[in-house]
Amino acid sequence: TQRVAILISGSGSNMVALAQSMQGDHPARPCLVLSNDPQAGGLAKAQAMGIPTAVVDHRAFKGDRAGFEAELLKPLRDAQPDLIALAGFMRVLSADFVRRFEGRMLNIHPSLLPKYKGLNTYARAIEAGDAEAGCTVHEVTAELDDGPILGQARVPVLSGDTPATLAARILPLEHQLYPLVLRRVVSGQRDFITLP
Ligand code: GAR
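Values in this document were obtained by computation on a predicted structure and should not be read as measured data. Each chain carries its own residue numbering, running from 1 in the direction its sequence is written. Totals for whole chains, interfaces and linings use every residue, but because this is a predicted model, local features are given only for residues with pLDDT of at least 70 and side-chain atom pairs only at 80 or more, for both listing and counting. By convention in this description, side-chain values take in all heavy atoms of the structure and omit both hydrogens and water.

Turning to the packing of aromatic side chains, a few remarks are in order. The aromatic pairing rule takes the rings of Phe, Tyr and Trp, using the six-membered ring of Trp, and pairs them if the centres are within 6.5 Å, calling planes under 30 degrees apart stacked, those over 60 edge-to-face and the rest tilted. Applying the stated rule across the entire model yields two aromatic pairs. Where F61 meets F68, the ring centres are 6.1 Å apart and the plane angle is 55°; that geometry is what we call tilted. Per residue, the accessibility class of F61 equals that of F68, and both read buried. Summarising the aromatic geometry, the rings of F97 and F101 are spaced 5.4 Å apart at their centres and angled 50° between planes, so their arrangement reads as tilted. Burial here depends on accessible area, computed with a 1.4 Å probe over protein chains only, as a share of the maximum for the residue type. Under 20% is buried, over 50% is exposed, and the range in between is partly exposed.

As a further point, take the environment of M90. Along the chain, M90 turns up in the loop between β4 (83–86) and α4 (95–100). The exposure class of M90 is exposed, given its relative accessible area of 56%. Look past the residues within four positions of M90 in its chain and what remains in contact with it is S9 and L119. Runs of E in the DSSP output that reach at least two residues are strands. Runs of H or I that reach at least four are helices, and both are numbered from the N terminus. Contact criterion: two residues are considered in contact whenever any of their non-hydrogen atoms come within 4.5 Å of each other.

Put simply, a residue is near a molecule or strand once any heavy atom of it comes within 4 Å of that molecule or strand. Lining the immediate environment of the ligand, one finds 13 residues, of which S11, G12, S13, N14 and E174 sit closest. The term polar contact refers here to a pair of N or O atoms within 3.5 Å; inside protein, the definition further demands a hydrogen-donor-capable atom paired with an acceptor-capable atom, and it admits residues adjacent in sequence only when both atoms are side-chain atoms. The contact in question runs from an oxygen atom of the ligand to an N or O atom on the side chain of E174, over 2.7 Å. Expressed as a share of its isolated accessible area of 450 Å², the protein-covered part of the ligand is 84%. Listed by contribution, the elements that provide at least two residues to the shell around the ligand are α1 (13–21), β5 (105–109) and α6 (163–186). Charged residues are taken to be Asp, Glu, Lys and Arg, nonpolar residues to be Ala, Val, Leu, Ile, Met, Phe, Trp, Tyr, Cys and Pro, and polar residues to be all remaining types, Gly included. Within the shell around the ligand, the residues separate by chemical class into five nonpolar, seven polar and one charged. Here the Shrake-Rupley method, with its probe set to 1.4 Å, supplies the accessible areas, and only the displayed protein chains count as covering residues.

According to UniProt, the feature "binding site: N(1)-(5-phospho-beta-D-ribosyl)glycinamide" (unreviewed entry) maps to G12, S13 and N14 in the numbering used here. Looking at where G12 falls in the secondary structure, it is placed in the loop between β1 (2–8) and α1. Given a relative accessible area of 7%, G12 falls into the buried group. The residue S13 is located in helix α1 in this model. UniProt positions are given in the numbering used here, feature names are shortened, and annotations may be inferred rather than shown by experiment.

Take a look at the structure:
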């Protein structure tokens, strides 16, 4: 059974979708939910599911990213994950950190990469007049929101959409796409897939 650590910063809805998928005959299990924010709503959800949790508050390391990442490595060393899933983890990780988990770290990003890396993806898609938006699961490399794309899901952008309405249309697809890609990666499949 492969061990999956899930890194979060917020409500953790993708973490819940991933954790719920890793049951029964699934070839992986969650071994840790790690947050950089002690207030992250996902922490209580992980605890309720019986998943070990840890917090490394980035605010204790102002400007000291190496120090922050050294602390992140401690619970990860204890949990011994085979795979790391970033699920709404909103801190940028250094090339050094990423290299340790080369080919073993996934991320979900709320845009159709390579479009709209970084923040405010929904507003940028609306502003550009795009007909479609969506989400992407990709392998994490040193470059932000770069790395081999493993899966994408698309939704239409509708007239009158706001960032909030567009986000609400994409999020349920994130919850389908991420578990699907995770299961495939754990099974050694990394070829590109699309939803629906
Ligand atoms: C998700 O929409 C995810 O795609 C996005 O944050 C949200 C987290 O929600 N991730 C990023 O923006 C990464 N830069 P969740 O905590 O409910 O899973």
